[in-house]
Amino acid sequence: MTAPAPRTPIYLDGHATTPLDPRVRDAMWPWLLVPANASSNSHSYGWRAAEAVEQARQQVARLLNCEPRELIFTSGATEANNLALKGVLQSPRAKAWGLVTSTAEHRAVLDPARRLSRRGTEVVFVPVDSRAAIEVDCFRDSLTHQTRLVSLILANNEVGTINPIAQVGSLCQERRLWLHCDASQAVGKIPLDLSSLPVDLLSLSGHKLYGPQGVGALFIRRTEPPLPLEPLFDGGGQEQRLRPGTLPVAAVVGLGTACELAAQEMAEEARRTAGLRDRLWEGLSSRLSGIHRNGDPHHTLPGNLNVSFDGVPGPVLLTRMTEIAVSSGSACSSAEPEPSHVLRAMGVPEALALATLRFGLGRFNTADEIDVAIDSVSRVVEELRTDPHRAK
Ligand SMILES: Cc1ncc(COP(=O)(O)O)c(C=O)c1O
């Protein structure tokens, strides 16, 4: 007798990656079937590819309300962040320019910041408050006479908290500092208007908004004089020479389509997703005592819920979540899970930080799935609290 096939877990890990929207897949598909190099300017295959790339650039620009020429395509947000930080701070014009960032950034900012620091750049890591947000006064106090670039996450990828970017941006303008935002989790989820938001550089990623993996973009505001920005590597002249290399046309088309869909559907989708998030939180808090919601319940992403559980052995919690695909608040790259640096920066005690689940809800989740999740999480937490042997 064969064992019954395991049921596919319900996907609730939308901050790690979102499912590809079938409409995005359909838009990409034709571009996987033709040879399409957008830099080939001697024949119609290349011209059509270049047109498709420019159309995608316009779609991204419309979502963000910026000019298409202010966007360059990259392989994702990690590359866009690296380009923003290293491109400015290692440009030949950079003379002892310093960076201010926060302790609650994604590693795609923390790691380049640390590398810059090892190479001699002054880097200040501003602490965040118990909701993972920057306090503007504390941020102001951390600026030094060397500071030229500030990099802050727009919406936190673990707890969803939205930083006060408009206030920080105004302060940066007053002090003539450039502001970079990692907006990977925010783009397509909350409205962003770059015609009024005082941000100079902004990173986004295709696979966080129902587009493909391996593509993203960096917004670079056109200013006079232009922002000093050096490419990370050399090669062809693509993307204004700032990001050389053949563009993945199908992926770029996918990113453009994903942005167009987000522009059309964001308001309704945010309302629906926030409703599911509230249903999940209310369901869990009515079934379980000793649970804590991390982050800022008011200034947060519609699809984020980050919950810690008292009296639960953290390392086993995730392994017991077989019906739902979620992630923990811990970095599991090592054998011994470590509590998330974001939760630690917020002051969450280590044991509680380890016993944490991050839910990322989105476009394709249903109320029925949320009810299964409430049931499943409540059952596992109760079992782990009452029967220590099951925790082994
Ligand atoms: C806030 C944030 N920045 C950067 C990244 C990295 O994005 P990508 O996978 O496009 O390089 C992620 C993805 O996990 C993220 O959540």
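The rules behind each value
- Residues numbered from 1 in each chain as written.
- Predicted model: local features only at pLDDT ≥ 70, side-chain atom pairs only at ≥ 80, totals over all residues.
- Heavy atoms only, no water.
- Patch = residues over 30% accessible without salt bridge, like charges linked within 9 Å, V, L, I, M, F, W, Y side chains within 5 Å.
- Areas by Shrake-Rupley, 256 points an atom, 1.4 Å probe, with all protein chains shown as cover.
- Salt bridge = Lys/Arg side-chain N within 4 Å of Asp/Glu carboxyl O.
- Helix = DSSP H or I, 4+ residues; strand = E, 2+ residues; numbered from the N terminus.
- Near = heavy atom within 4 Å.
- Polar contact = N/O pair within 3.5 Å; in protein donor to acceptor, adjacent residues only side chain to side chain.
- Nonpolar A, V, L, I, M, F, W, Y, C, P; charged D, E, K, R; others polar.
- Buried < 20%, exposed > 50% of the residue type's maximum accessible area, 1.4 Å probe, protein only.
- Pairing = 2+ DSSP bridges.
- Phe/Tyr/Trp six-rings, centres within 6.5 Å; stacked < 30°, edge-to-face > 60°.

Got a sec to walk through a nonpolar patch on the surface? Specific residues and values, please.
A surface patch of nonpolar side chains, amounting to about 540 Å² of accessible area, comprises W29, L32, L33, V34 and Y45. Of note, L33 is situated in the loop between α1 (22–32) and α2 (44–64).

Tell me about the site of the ligand, residues and numbers included.
In the region of the ligand, 13 residues are neighbours, and T78, D182, Q185, S205 and K208 sit closest. A77 has a polar backbone atom sitting 2.9 Å from an oxygen atom of the ligand. Here an oxygen atom of the ligand and a side-chain polar atom of T78 are 2.6 Å apart. Contact with the protein chains covers 85% of the free accessible surface of the ligand, which is 400 Å². Tallied by class, the residues present in the shell around the ligand amount to 3 nonpolar, 8 polar and 2 charged.

I'd like a description of the pairing of strand β2 (residues 71–74), backed by residues and values.
Here β2 shows a buried face lined by L71 and F73 and a second buried face lined by I72 and T74. One ladder, built from 4 bridges, connects β2 with strand β8 (residues 216–220); its direction is antiparallel. Across the sheet, residue F73 finds its bridge partner in β8, namely A217.

Residue-level account of the packing of aromatic side chains, with values.
Using the criterion set out here, one finds 2 aromatic pairs in the structure. Considering the side-chain rings of Y210 and F364, the 5.8 Å spacing of their centres and the 85 degrees angle between planes classify their relative orientation as edge-to-face. Residue Y210 is located in the loop between β7 (201–205) and β8, and its partner F364 is located in the loop between β15 (356–360) and α11 (367–386); the two are separated by 154 residues in the primary sequence. Relative accessible area serves as the criterion here: at 4%, Y210 is assigned to the buried category. F364 gets classed as partly exposed once you look at its relative accessible area, which sits at 38%.

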